[in-house]
Amino acid sequence: MRLTVAPLTPERWPDLEAIFGARGCSIARGCWCMAYRLSGSRESLPPGVTHAQANRAALKALVDAGNPPGLIGYRGKVPVGWVSIGPREDYARLKRSAVMKPVDEQPVWSIICFVVPAERRGQGVAQALLKGAVAYARKSGATLVEAYPVDKPARSHDDFMWFGAKSMYDKAGFTEVVRRKPQRPVVRLKPV
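Residues numbered from 1 in each chain as written. Predicted model: local features only at pLDDT ≥ 70, side-chain atom pairs only at ≥ 80, totals over all residues. Heavy atoms only, no water.

### Observations concerning the pattern of salt bridges
Quick reminder of the rule: Salt bridges are defined as contacts in which a side-chain nitrogen from Lys or Arg sits within 4 Å of a carboxyl oxygen from Asp or Glu. Only DSSP runs of H or I reaching four residues or more are called helices, and only runs of E reaching two or more are called strands; each is numbered from the N terminus. The buried label goes to any residue with under 20% of its type's maximum accessible area, the exposed label to any with over 50%, and the partly exposed label to all in between, with areas taken from a 1.4 Å probe on protein chains only.
Within this structure, the stated rule accounts for nine salt bridges. Taking the shortest distance from any N to any O, the salt bridge between R56 and E17 comes out at 2.4 Å. Highlighted residues: R56 in helix α3 (residues 51-64) and E17 in helix α1 (residues 13-20), separated in sequence by 39 residues. Under the relative-accessibility criterion, R56 is labelled partly exposed at 30%. When the shortest N-O distance is used, the salt bridge between D64 and K60 registers 2.8 Å. With D64 and K60 both in helix α3, this residue pair falls four residues apart, about one helical turn.

Laid out in structure tokens, this is it:
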């Protein structure tokens, strides 16, 4: 699938809301791609504010500050998917993850999740987003891109595939560098 892939900017925020609001994206509506950006216990929320609302506000603040936390894929002018990517240090939770903790001291950009509405799945959207993410990382100065895919012999439920399938990364030229859990490798690619 050919997509135009563009950084999430304040002007594109409504497009992200459309993706997260689509059928099949309920997990994204709760997380707002903040789960791996935060680490440790969180402050109590003001009365009446849900974690989903706080996460949405936190992601919007990143976007409004001029720090694109990921990319949106478009088919024509229609937003069809999202990928969260950025320097590893943007994702505080990775430091204490048993599966995704640093492999070494090399600076990497991390791909954390994909969100593709149910009606767009199986059309190559995530693969196109991955290609766009690698290109974006390269243009942003990354020398190594890292990801944490799922590697299971049978098909997993779509709701649990936000990291992407290892086979997708294999097709894109990523190489496994470590496997700390049987179904969760760490893969890397040097963007060319």
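### What to know about helix α4 (residues 125-139)
Short version of the rule: Given the number of residues in a helix, its expected span is that number minus one, multiplied by 1.5 Å.
A rise of 1.5 Å per residue sets the reference length of α4, with its 15 residues, at 21 Å; its end C-alpha atoms lie 21 Å apart and thus fit the reference within 8%. Those residues of α4 that sit buried are V125, A128, L129, L130, G132, A133, V134, Y136 and A137. Phi turns positive one or two residues past the end of α4, at G141, with a value near 100 degrees.

### Examining the packing of aromatic side chains
Pairs of aromatic rings are described using the distance from one ring centre to the other and the angle between the two planes. How we decide: In this analysis, rings of Phe, Tyr and Trp, with Trp reduced to its six-membered ring, are considered paired at centre separations within 6.5 Å, and the interplanar angle assigns stacked below 30 degrees, edge-to-face beyond 60, and tilted for intermediate values.
If you walk through the whole model with that rule in mind, you get eight aromatic pairs. With 6.2 Å between their ring centres and 85 degrees between their planes, F20 and W82 make a pair best called edge-to-face. Here W82 lies in strand β3 (residues 78-87) and F20 lies in helix α1, a separation of 62 residues in the sequence. In this structure, F20 and W82 share a single accessibility class: buried. Centroid distance Y36 to F163: 5.7 Å. Interplanar angle 75 degrees. Geometry classified as edge-to-face. Of this pair, Y36 sits in the loop between α2 (26-31) and α3 while F163 sits in the loop between β5 (145-147) and α5 (166-171), placing them 127 residues apart in sequence. Each member of the pair, Y36 as well as F163, carries the same accessibility label: buried. Among the aromatic side chains, those forming a connected cluster through ring pairs are W13, F20, W32 and W82.

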